[in-house]
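Observations on chain architecture
Given next are the chains, with one letter for each unit.
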Amino acid sequence: QVQLVESGGGVVQAGEALRLSCAASESIFSINVMGWYRQAPGKQRELVATLSLGGTTNYADSVKGRFTISRDNANDTVYLQMSSLKPEDTAVYFCYANRWPSSFWGQGIQVTVSS
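Before going into details, it helps to say that this report is about the structure given with it. (Residues numbered from 1 in each chain as written. Predicted model: local features only at pLDDT ≥ 70, side-chain atom pairs only at ≥ 80, totals over all residues. Heavy atoms only, no water.)

Here we look at the state of the cysteines
Basically, it comes down to this: Here, the term disulfide refers to a pair of cysteine sulfur atoms separated by no more than 2.5 Å. Each helix is a run of DSSP H or I of at least 4 residues and each strand a run of E of at least 2, with the numbering of both proceeding from the N terminus. Partly exposed describes any residue whose relative accessible area lies between the buried limit of under 20% and the exposed limit of over 50%, with all areas from a 1.4 Å probe on protein chains only and scaled to the type maximum.
A full pass over the atoms with the stated rule returns one disulfide. The residue that forms a disulfide with C22 is C95, at a sulfur-sulfur distance of 2.0 Å. The S-S bond linking C22 to C95 shows a torsion near -85°; that makes this disulfide left-handed. With C22 in strand 3 (residues 18-24) and C95 in strand 9 (residues 91-99), the pair connects residues that are 73 residues apart, well separated along the chain. The class of C22 is buried, set by a relative accessible area of 0%.

Section: the pairing of strand 10 (residues 102-105)
Operational definition: Strand pairing requires that DSSP identify at least two bridges connecting the strands.
Here strand 9 pairs with strand 10 via four bridges, running antiparallel. Across the sheet, the residue bridging to R99 is S102, located in strand 10. Connecting the antiparallel pair strand 9 and strand 10 is a turn made up of two residues.

Remarks on the nonpolar core
Which entries qualify depends on this criterion: Residues grouped as a nonpolar core are buried Ala, Val, Leu, Ile, Met, Phe, Trp, Tyr and Cys residues, joined through side-chain atoms within 4.5 Å. Only heavy atoms enter the contact rule, under which two residues are in contact if any of them lie within 4.5 Å.
Among the nonpolar cores identified, the biggest contains 32 residues, and L4, M34, W36, L80, M82 and Y93 are the most heavily contacted of them. Those elements that place two or more of their residues in this core are strand 3, strand 4 (33-39), strand 5 (46-52), strand 7 (67-72), strand 8 (77-82), strand 9 and strand 11 (109-114). Apart from the residues within four sequence positions on either side, M34 is in contact with L4, C22, A24, I28, A49, T50, L51, I69, V78, C95, Y96 and A97.

Brief notes about unusual backbone geometry
Excluding glycine, residues mostly carry a negative phi; peptide bonds, for their part, are mostly trans. A cis amide bond links W100 with the next residue in sequence, P101, at an omega value of 5°. By the secondary structure assignment, P101 is in the loop between strand 9 and strand 10. For D76, which is not glycine, the phi dihedral falls at a positive 50°. In this fold, D76 is placed in the loop between strand 7 and strand 8. Positioned with a positive phi, S84 is a non-glycine residue whose angle comes to about 45°. Among the structural elements, S84 can be located in the loop between strand 8 and strand 9. You can call S84 partly exposed: its relative accessible area is 42%.

Regarding the side chain of S21
Position of S21 relative to the elements: it lies in strand 3. The contact partners of S21, leaving out residues within four places of it in the chain, are V5, E6, S7, W36, T77, V78 and Y79.

Below, the structure written as structure tokens:
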């Protein structure tokens, strides 16, 4: 069982930046894929960005060029650097980890972007 704890959410103005952190309870070298999903009110959870153990990244079209996923192996932490935030980025952001064949989720953290 991998436990994931998110931090760094909050309320920002449109155009500002925010960095989310996700601390894993185990070495991220044991995890195939880590990433971030988000869920806005009344909408389905959607992929934001993923990062494979081999370093391959994948981004939703809506965040390409604005968000960057990265990891700190020494601290078993994955980050999501969000820039040029828009009101439509407002959502609960969930950290995700896949250690085949199991998937794990964080509890979620609120990001609110005001116009």
